[in-house]
Structures are given as C-alpha cells and as structure tokens.
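# Observations on the model geometry
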Amino acid sequence: MEQAINLYLQKRGFKAFTPKAVFFDMDGVLFDSMPYHAASWAQTCTSFGLEMDKTEAYMHEGRTGASTINILTRRHWGREATEQEIADIYAEKCRLFNACPEAPKMPGAQQVLEAVKQAALTIVVVTGSGQQSLLDRLNTNYPGFFTPELIVSSKDVKHGKPHPEPYLMALQRTGLHPWEAMVVENAPLGVRSATAAEIFTIAVNTGPLPESALLQEGADMLFPSMTALAESGLFAQLARHDA
Ligand code: MG
C-alpha cells in the first residue's frame, strides 16, 4: 500500500495523502448487478439489430445509456441514434433489467463499508446509474451508511463517466481535495473517471474482464474482490484520527 501511495503522490505532484472520505461506485461494487445489466444490454441490442456481447457491455459500464447506444448505432448504422431511438432502446434495456431477479448485495461490500465507517472516513456513493430500484435499496440493504446528499447519481451530473464530473461533484459536495479521498470502482471507465479527477483509485475486479483493463486506466491498487479488499485491512491503516 505504501508503494502505491508513493507512486500516486509522485504521479500527481501532491505532497501528502490524507484520506477523509471513500467514494463508492454502486453497480459491481455494492450490488452484484452487472451480470443482469450486461445480459439486458446484449438481449436489447440483438433485438434492435445492434450487436453487443456481454463482455463489451462490461467495457462500457459507467457510460450513460445514450452514450452506449450512440457507439453502437455509429458502428452498425453509421450514424447517431435519434432521441426517439435512444428512448426506445433504453426503455427496453430497463424493462429487461427490471424483469431480472433482485441483484444481490456484493459479497464483502458490507464488511468494506463497516471498515470504512470504523476508520471514521465519510462514505459517498458516485454512480452513473439512474436505476431508481437500486438507489432505493442502498438504505434498505445497507442501513446506517449513506446520507441522501452524499449520493451522486446520473441525475446530478451533465456528463457521465468516463468524464471526471461525477467524482469532481463528490469532491465538491464533501469539500475535499483529490488527495483527501479514495475511490472504489469495478469498471475500466469508472477508473478513468476517478483518475481523471486525480483521486486515489482502488479497482476491484468483480467482473469477467482481465486485470489489465483496470490497470491500464490508471488504477492505483487492484483487488480481485470486495471480500479481498475487506480482508486487506487497508482502511484500518488509513483511519482518520482528527475526526
Ligand atoms: Mg460499477
């Protein structure tokens, strides 16, 4: 960990790493929802004549629906999608996702949240999702960790990930500098967004992509699962003593 922090400080030109908050992505970090998202996308795309397999869906994770749809229509139809097409395709994707069983809590996430709370670090959720069913479940599934003003969702930002805006907004809401926060992300584009905001980024590889997909986006540390992150003792070592 010490080596990762030193590399981070060197790369960013910051003097000290003094974390006061942890920003959590939601899908693939707090909820094991990505298999359902990927399957819903793949099925939707097939029915609209836009081929996208599940692995590609994982590569686009974090993008807004409109951005993903435009990448596909440019590739298959040679043009941007119309607003109506975006609405229709995204509605079908949401319909299929909502017909899936309820996504389980990510194994290890509860323990990670407990360790972060124990370390007196502020907990923030920064998600590209506007999926109200999951946002509503944050408090019922993880009671006592989240406050409404510290949840940044797709409704709060103009640009979705991989743009840094969602993480910059989390810094703004907490009144922190980049070197005073940490991010936990599972998606390559989420890592790109967080590192573009110059925040120390912990990647957890909870999906099927190779580790290199997360490391080449600039992740500062990588764990194979949320359980491994919980067992690392990392947050206890970074506990805040001034709170
Ligand atoms: Mg995610």
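Let me sum up the structure you'll find in this document. (Residues numbered from 1 in each chain as written. Predicted model: local features only at pLDDT ≥ 70, side-chain atom pairs only at ≥ 80, totals over all residues. Heavy atoms only, no water.)

## Overview of the overall build of the protein chain
Counting its secondary structure elements, the protein chain contains 12 helices and 6 strands. When its C-alpha atoms are laid out on the principal axes, the protein chain stretches across 55 × 40 × 30 Å. Sequence-distant contacts, at least 24 apart, represent 67% of the contacts inside the protein chain between residues at least 6 apart. When the accessible surface of the protein chain is split by element, carbon and sulfur atoms take 52% of a total near 10,800 Å². (Helix = DSSP H or I, 4+ residues; strand = E, 2+ residues; numbered from the N terminus. Contact = heavy atoms within 4.5 Å. Areas by Shrake-Rupley, 256 points an atom, 1.4 Å probe, with all protein chains shown as cover.)

## Let's talk about unusual backbone geometry
Pro162 follows Lys161 through a cis peptide bond whose omega is 15°. By the secondary structure assignment, Pro162 is in the loop between β3 (151-152) and α8 (165-174). The phi torsion at Ala120 lies on the positive side, around 65°, for a residue other than glycine. Take Ala120: it is sitting in the loop between α6 (109-118) and β2 (122-126). For Glu198, which is not glycine, the phi dihedral falls at a positive 65°. Along the chain, the position of Glu198 falls in the loop between α9 (188-196) and β5 (200-204).

## Structural notes on the layout of surface pockets
Of the volumes computed, that of the largest pocket is approximately 390 Å³. At the level of elements, α2 (34-47), α4 (65-77) and α5 (83-99) are the ones that each hand at least two residues to the lining of the largest pocket. Its residues assigned to classes, the lining of the largest pocket comprises 7 nonpolar, 13 polar and 7 charged. (1 Å grid on protein atoms, 1.4 Å probe; cavity = no way out; pocket = protein on both sides within 12 Å on 5 of 7 lines; lining within 4 Å. Points joined across faces, edges and corners; volume = space filled by probe spheres on them. Nonpolar A, V, L, I, M, F, W, Y, C, P; charged D, E, K, R; others polar.)

## Some thoughts on helix α1 (residues 2-12)
Restricting attention to buried positions, one finds in α1 the residues Ala4, Ile5, Tyr8 and Leu9. Looking straight down α1, one finds its buried side chains confined to an arc of 135°; they lie on one side. Facing away from the buried side of α1, by more than 90 degrees, are the exposed residues Glu2, Gln3, Leu7 and Gln10. For α1, the secondary structure elements touched by its buried residues are β5 and β6 (221-223). Positive backbone phi, approximately 70°, marks Gly13, located one or two places after α1. (Buried < 20%, exposed > 50% of the residue type's maximum accessible area, 1.4 Å probe, protein only. Arc of directions from axis to C-beta.)

## Overview of the sheet that holds strand β1 (residues 21-24)
Reading across the sheet, the 6 strands line up as β3-β2-β1-β4-β5-β6 and stay open at both edges, with parallel pairing between neighbours. This sheet does not close on itself; its edge strands, each paired only once, are β3 and β6. One ladder, built from 3 bridges, connects β5 with β6; its direction is parallel. Within the sheet, the bridge partner assigned to Ala203 lies in β6 and is Leu222. Strands β1 and β2 of the sheet are contacted by α6, whose axis makes an angle of about 160° with β1. (Pairing = 2+ DSSP bridges. Axes fitted to C-alpha atoms, helices over the stretch in contact; angles between N-to-C directions.)

## Points about the coordination of the magnesium ion
Every protein donor of the magnesium ion is listed here as Asp25 (OD), Asp27 (O), Glu61 (OE) and Asn186 (OD1), and their distances to the metal cover 2.0 to 2.2 Å. Mapping the donors of the magnesium ion onto the primary sequence gives the spacing D-x1-D-x33-E-x124-N. Placement of the pair is Glu61 in the loop between α3 (54-59) and α4 and Asn186 in the loop between β4 (181-185) and α9, with a sequence separation of 125 residues. Since its relative accessible area comes to 7%, Asn186 is described here as buried. (Donors = N, O, S within 2.8 Å, 3.2 Å for Na, K, Ca; no water.)

## Here's the deal with the packing of aromatic side chains
All chains considered together, the criterion is met by 10 aromatic pairs. Where Tyr8 meets Phe200, the ring centres are 5.3 Å apart and the plane angle is 80°; that geometry is what we call edge-to-face. With Tyr8 in helix α1 and Phe200 in strand β5, this pair connects stretches of sequence that are 192 residues apart. The burial state of Tyr8 is the same as that of Phe200; both residues are buried. Measuring from centroid to centroid gives 6.5 Å for Phe23 and Tyr167, while their planes differ by 15°, and the two rings are stacked. Of this pair, Phe23 sits in strand β1 while Tyr167 sits in helix α8, placing them 144 residues apart in sequence. When sorted by exposure, Phe23 lands in the same class as Tyr167, which is buried. Three or more aromatic residues link up through ring pairs in this structure, and these residues are Tyr8, Phe14, Phe17, Trp179 and Phe200. Sitting over the ring of Phe145, Lys117 keeps its end group 5.4 Å from the ring centre. (Phe/Tyr/Trp six-rings, centres within 6.5 Å; stacked < 30°, edge-to-face > 60°. Lys NZ or Arg CZ within 6 Å of the ring centre and 35° of its normal.)

## Focus: the packing of α4 against α5
Contact geometry for α4 and α5: axes closest at 10 Å, N-to-C directions at 110°. Taken together, the axes of α4 and α5 lie roughly perpendicular to each other. Here the hand of the crossing between α4 and α5 comes out right-handed. In this structure, α4 contributes Gly65, Ala66, Ile69, Asn70 and Trp77 to the contact, and α5 contributes Glu85, Ile86, Ile89 and Tyr90. Across the contact of α4 with α5, the residue classes tally to 6 nonpolar, 2 polar and 1 charged. (Parallel < 35°, antiparallel > 145°, perpendicular 65-115°, else oblique. Left-handed = near helix turned anticlockwise from the far one by under 90°.)

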